[in-house]
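Here are the chains, one letter per residue:
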Amino acid sequence: MASTTPTSSGSDPAPRPKRRTFTAEYKLRMVAEYDAAPAGEKGAVLRRERLYHSHIIEWRQAREAGALGALTDRRTSAVRPKKAAEQAELERLRAKVARLERDLARRDAALEVMGKANALLELLSESAD
């Protein structure tokens, strides 16, 4: 009998999919191949390469603008500058300090209100005596 309990690891066995990246040379080659294909074969080129027509339009516009650098995908390219580990840690710590300072200001305000309430109660209890 098969067990219906989940695995003890609790993690997803499938790895996260990785975004496809295209080199500038590949983009130029695909635009040229798409443009050279006869009218009935253009869709076959896109299906074979698993591309969309919008890819070709975007890459053609970049080529015609003479912006070979625009053909580099800045979201996933190795050219994309990455934050240094120290910079990322510094930003995380600054956010934490800001959060803690807000919490401290709220606590100070609450303590001040409680102190005033306590003083008022003491004053009332003295006058009742």
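Everything here concerns the structure above.
Residues numbered from 1 in each chain as written. Predicted model: local features only at pLDDT ≥ 70, side-chain atom pairs only at ≥ 80, totals over all residues. Heavy atoms only, no water.

Visitor: Can you tell me about the overall build of the protein chain, naming the residues and giving the values?
Guide: Along the protein chain, the regular secondary structure elements total 4 helices and 0 strands. Helices and strands in the protein chain line up, N terminus first, as α-α-α-α. Taken across its 129 residues, the protein chain has 16% of its residues classed as buried. A fraction of 58% describes how many contacts in the protein chain between residues 6 or more apart in sequence connect residues 24 or more apart. Carbon and sulfur atoms provide 58% of the accessible area of the protein chain, an area that totals close to 11,000 Å². (Helix = DSSP H or I, 4+ residues; strand = E, 2+ residues; numbered from the N terminus. Buried < 20%, exposed > 50% of the residue type's maximum accessible area, 1.4 Å probe, protein only. Contact = heavy atoms within 4.5 Å. Areas by Shrake-Rupley, 256 points an atom, 1.4 Å probe, with all protein chains shown as cover.)

Visitor: So what about the packing of helix α1 (residues 24–36) against helix α2 (residues 42–49)? Which residues, and what values?
Guide: The N-to-C vectors of α1 and α2 enclose an angle of 150°; their axes lie 9 Å apart at closest approach. As far as their axial angle goes, α2 and α1 are roughly antiparallel. The segment α1 lies against α2, with Y26, M30, E33, Y34 and D35 engaging K42, V45, L46, R48 and E49. Classifying every residue of the contact of α1 with α2 by side-chain character gives 5 nonpolar, no polar and 5 charged. (Axes fitted to C-alpha atoms, helices over the stretch in contact; angles between N-to-C directions. Parallel < 35°, antiparallel > 145°, perpendicular 65-115°, else oblique. Nonpolar A, V, L, I, M, F, W, Y, C, P; charged D, E, K, R; others polar.)

Visitor: Give me helix α3 (residues 53–64): which residues, what numbers.
Guide: For α3, with 12 residues, the first-to-last C-alpha span of 17 Å sits near the 16 Å given by 1.5 Å per residue. Buried within α3 are the following residues: H55, I56, W59 and A62. The arc that holds every buried residue of α3, seen down its axis, measures 130°, which confines them to one face. Turned more than 90 degrees from where α3 packs its buried face, Q61 and E64 sit exposed. Those residues of α3 that are buried lie in contact with α1 and α2. Positive backbone phi, approximately 75°, marks G66, located one or two places after α3. (Expected span 1.5 Å × (residues − 1). Arc of directions from axis to C-beta.)

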